[in-house]
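If you want the building blocks of each chain, they are given just below.
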Amino acid sequence: MSGETVITVIGNLTADPDIRAIPKTGDCVVNFTVASTPRVFDRNKNQWVDGKALFMRCTVFREPAENAADSLAKGTRVVVVGKLQQREYTDRDGNKRTIVELVADEVATSTKYAIAKPIKRRTSNSTRNGWNGNGRNTNDNGGAAADDPWNAAQPEDEEVAF
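Calculation notes
- Residues numbered from 1 in each chain as written.
- Predicted model: local features only at pLDDT ≥ 70, side-chain atom pairs only at ≥ 80, totals over all residues.
- Heavy atoms only, no water.
- UniProt positions renumbered as here; feature names shortened; annotations may be inferred.
- Helix = DSSP H or I, 4+ residues; strand = E, 2+ residues; numbered from the N terminus.
- Polar contact = N/O pair within 3.5 Å; in protein donor to acceptor, adjacent residues only side chain to side chain.
- Buried < 20%, exposed > 50% of the residue type's maximum accessible area, 1.4 Å probe, protein only.
- Pairing = 2+ DSSP bridges.
- 1 Å grid on protein atoms, 1.4 Å probe; cavity = no way out; pocket = protein on both sides within 12 Å on 5 of 7 lines; lining within 4 Å.
- Points joined across faces, edges and corners; volume = space filled by probe spheres on them.
- Phe/Tyr/Trp six-rings, centres within 6.5 Å; stacked < 30°, edge-to-face > 60°.
- Salt bridge = Lys/Arg side-chain N within 4 Å of Asp/Glu carboxyl O.
- Core = buried A, V, L, I, M, F, W, Y, C linked by side-chain atoms within 4.5 Å.
- Contact = heavy atoms within 4.5 Å.

As annotated in an unreviewed UniProt entry, the protein is Single-stranded DNA-binding protein from Nocardia macrotermitis. A UniProt comment under Subunit (unreviewed entry) is attached to the protein, and it reads "Homotetramer."

Participant: Help me understand the side chain of D91 in this model?
Facilitator: Within the element layout of this structure, D91 appears in the loop between β7 (77-90) and β8 (96-109). A distance of 2.8 Å separates a polar atom in the side chain of D91 from the backbone nitrogen of N95.

Participant: Sorry, what's going on with the pairing of strand β3 (residues 28-36) here?
Facilitator: Looking along a regular strand, one sees side chains alternate from face to face of the sheet. Burial analysis of β3 places eight of its nine residues in the buried class, the great majority of the element. Summarising the sheet, strand β1 (residues 5-13) and β3 pair through two bridges and their orientation is antiparallel. Within β3, the residue paired with N12 across the bridge is A35. Hairpin connection of strand β2 (residues 18-21) to β3: six residues between the antiparallel strands, including G26 at a positive phi of 85 degrees. Here eight bridges tie β3 to strand β6 (residues 54-61), and the two strands are oriented antiparallel to one another. Residue pairing in the sheet places V29 in a bridge with F61 of β6.

Participant: Would you explain the layout of surface pockets in this entry?
Facilitator: Regions of empty space are outlined by a rolling probe, equal in size to a water molecule, passed over the atoms. What the second largest pocket holds in volume is close to 160 Å³. Among the elements of the structure, β3, β6 and β8 are those that each provide at least two residues to the lining of the second largest pocket. Tallying contributions element by element places β6 first for the lining of the second largest pocket, with three residues.

Participant: Explain the packing of aromatic side chains to me, please; I cannot follow it from the model alone.
Facilitator: For any pair of aromatic rings, geometry is given as the distance between the ring centres together with the angle between the planes. Applying the stated rule across the entire model yields one aromatic pair. When the centroid spacing of 5.4 Å and the interplanar angle of 70 degrees are considered together, the rings of F41 and W48 count as edge-to-face.

Participant: What exactly am I supposed to notice about the environment of P118 here?
Facilitator: The residue P118 is located in the loop between β8 and α2 (126-129) in this model. Sequence-wise, P118 and S71 are 47 residues apart; in three dimensions their C-alpha atoms are separated by 9.0 Å.

Participant: How should I be thinking about the pattern of salt bridges in this particular structure?
Facilitator: Side-chain pairing between opposite charges can occur once the charged atoms of the two side chains come close. Under the counting rule described, the total for this entry stands at six salt bridges. Two residues, D27 and R62, come together in a salt bridge whose shortest N-O distance is 3.5 Å. Of the two residues, D27 is situated in the loop between β2 and β3 and R62 in helix α1 (residues 62-71); the sequence distance between them amounts to 35 residues. Of the charged contacts, one joins D50 and R39 as a salt bridge, the two residues approaching to 2.8 Å between their closest N and O atoms. Remark: R39 occurs in strand β4 (residues 39-42) and D50 occurs in strand β5 (residues 47-50); sequence separation between them is 11 residues. On the basis of relative accessible area, D50 is assigned to the exposed category, the value being 52%.

Participant: What is the right way to look at unusual backbone geometry in this model?
Facilitator: As a rule of thumb, non-glycine residues mostly have phi less than zero, and peptide bonds are mostly trans rather than cis. Positioned with a positive phi, N46 is a non-glycine residue whose angle comes to about 60 degrees. In this fold, N46 is placed in the loop between β4 and β5. Accessibility expressed as a relative area gives 59% for N46, which makes it exposed. At R62, a position not held by glycine, the phi torsion is positive, near 60 degrees.

Participant: Looking at this structure, I do not really get the nonpolar core. What am I missing?
Facilitator: Side chains of nonpolar character tend, in soluble globular proteins, to be buried together. Judged by nonpolar contacts, the single largest core of 18 residues is most densely connected at F32, V34, C58 and V80. Considering each element in turn, this core owes the most residues, four residues, to β3. Sequence-distant contacts of F32, defined by excluding residues within four places in its chain, comprise L13, P17, M56, R57, C58, V60, L72, V80 and V107.

Okay, structure coming up:
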């Protein structure tokens, strides 16, 4: 669709992703919050200081949601790309509320300070992947096929002198 507001947010997860099943379809949805804190240089102090943090609520649907739930944890540095969406709802007290959230198209762990080793899923069907609708994936290998080259054991990291 044209006219959608696409943004990229980089930051750390404030808590483990919350995975749930959508009642009508059985598809899964994952929600998490990313804290993005800018660093600015304070010339008076002659040092870098934290700016005001942005806490962005993110939502991911279907297979990417399963992958996010299996890959992410509290504190993980992520890069999230998606569409900014505003929605309204009525809370338990009958008050109308408006929230802005990022409906993610892509979620990736940042490799700025960590190593990420992807594991390719065997299939796109969530019931075959082992997702049981009330938590994390139930397969030991995350759905990766034994003959899949993406699933091959990686050699141990070697120390390299620079």
